[in-house]
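# Structure assessment
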Amino acid sequence: MLYFFQQVLNGLHSGALYALLAFGYVLTNGILHRTNLAYGALFAFCGQTMILTAAFGYQVLWLTLLAAVALGVVAAFLYAALISHVLSRSVFEPLADRTPNAIVVTTLGILLLLSEASRIAADTHDLWLPPMLAQPIVFAQGATFKATLTLIQLIDCAVVVAAIALASWAFARSSFGRCWRAVSDDPKAAAMCGVDVRAVFRHAVLFGGFCAALAAVMAGLYYGNVSFGSGLVYGLKILFVTAVGGYLSPPRAALGAAVFGMAESLWAGYFPVEWRDAWMYLFLVTTLILIGAGRDTGKIA
């Protein structure tokens, strides 16, 4: 039971990262209704930016480790804002009325561009941050085993819960949340009612980018590195998770992603880890097929 409890604790942290990414992904795709393959690459790019900037600040500018990491965090959010600005105005808006394949192909190209830019900037080397706040917190223990989480894991989980709770509350009560739901349901009708559809969409893309940057910062601080090749993996997982749960509710998408992260942790604890991604993708695809069939049947009825 202690081993099972340890896997559950591990799943809390990975589930928190997935939940934050899913929340930000739905903010954009709830309005766009197009597949965005660049979102995972934005996550990985922001993580690499934070680490590279922190390394530059520490080795070249002679900053303290804390100041260098803070500089990296600021750089990650600035790049997230810049890339979100470019995506919303130069990619999503011009292609929103085109065929879905147009945005899929374009965001795939952006994914490759961001991944290669990160790889070239890092000179194909993985830079690592030193372990920070790695003190273990014991939740339960037996004669030979302790179920623990590190302090950085607890902080990450608390930050995600607070961020999603605050965003969900604001999303339910603010004028932006009401406008977002209106544009998501019918952008033309929302525009006829006086809603600035373009401004709502641009703010949604920006907030989604900040969610990706925050997740990248927390992943970089915990793991010490965010590989430039991890964008495609995270992007596909979030894409499938949100497709199963739907794009109409960011909090519900975040909850589904947290459950997915927990399932991944349990699989890694009890089954061969090299088969984890294959079986999790198979589960998501099967669930998507079954749910999609149910949705189609409901529409026909």
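Residues numbered from 1 in each chain as written. Predicted model: local features only at pLDDT ≥ 70, side-chain atom pairs only at ≥ 80, totals over all residues. Heavy atoms only, no water.

Moving on, we come to empty space enclosed by the protein. All told, the structure shown has one cavity of 30 Å³ or more when counted by the stated rule. Around the largest cavity, the lining residues are Thr-28, Asn-36, Ala-38, Tyr-39, Leu-42, Ser-84, Leu-87, Phe-92, Val-205, Gly-208 and Gly-209. Of all the secondary structure elements, the ones that give two or more residues to the lining of the largest cavity are helix H2 (38-59), helix H3 (65-95) and helix H8 (197-223). Of the residues contributing to the lining of the largest cavity, the split by class is six nonpolar, five polar and no charged. (1 Å grid on protein atoms, 1.4 Å probe; cavity = no way out; pocket = protein on both sides within 12 Å on 5 of 7 lines; lining within 4 Å. Points joined across faces, edges and corners; volume = space filled by probe spheres on them. Helix = DSSP H or I, 4+ residues; strand = E, 2+ residues; numbered from the N terminus. Nonpolar A, V, L, I, M, F, W, Y, C, P; charged D, E, K, R; others polar.)

Another point: the side chain of Ser-88. Within the secondary structure, Ser-88 sits in helix H3. Reaching out from Ser-88, the side chain makes a polar contact with the side chain of Arg-89 at a distance of 3.3 Å. Ignoring sequence-local partners within four residues, the contact set of Ser-88 consists of Glu-93, Phe-201, Arg-202 and Val-205. (Polar contact = N/O pair within 3.5 Å; in protein donor to acceptor, adjacent residues only side chain to side chain. Contact = heavy atoms within 4.5 Å.)

Turning our eyes to something else, we now look at the confidence of the model for the protein. Mean pLDDT for the protein: 88, with 96% of residues reaching 70 or above. Under a pLDDT of 50 for its full length, residues 296-301 has, in the predicted model, zero contacts with residues more than four places off or in other chains. (pLDDT = per-residue confidence, 0-100.)

In this section: the packing of H2 against helix H4 (residues 100-121). The geometry of a pair of packed helices is captured by two quantities: the angle between their axes and the separation between those axes. Relative to each other, H2 and H4 sit at 15°, their axes nearing to 9 Å. By the criterion of interaxial angle, the relationship of H2 to H4 is roughly parallel. Relative to H4, the crossing made by H2 is left-handed. Residue-level inspection shows Ala-38, Ala-41, Leu-42, Phe-45, Gln-48 and Leu-52 of H2 in contact with H4, the latter providing Thr-107, Ile-110, Leu-111, Leu-114, Ala-117, Ser-118 and Ala-121. Of the residues in the contact of H2 with H4, the class split is 10 nonpolar, three polar and no charged. (Axes fitted to C-alpha atoms, helices over the stretch in contact; angles between N-to-C directions. Parallel < 35°, antiparallel > 145°, perpendicular 65-115°, else oblique. Left-handed = near helix turned anticlockwise from the far one by under 90°.)

Moving on: the packing of helix H5 (residues 151-173) against helix H6 (residues 175-185). It is at 5 Å that the axes of H5 and H6 come closest, and there the two elements cross at 70°. Accordingly, the angle class assigned to the pair H5 and H6 is roughly perpendicular. Contacts between H5 and H6 pair Phe-171, Ala-172 and Arg-173 from the former with Ser-175, Gly-177, Arg-178, Trp-180 and Arg-181 from the latter. For the contact of H5 with H6, the per-class residue count stands at three nonpolar, two polar and three charged.

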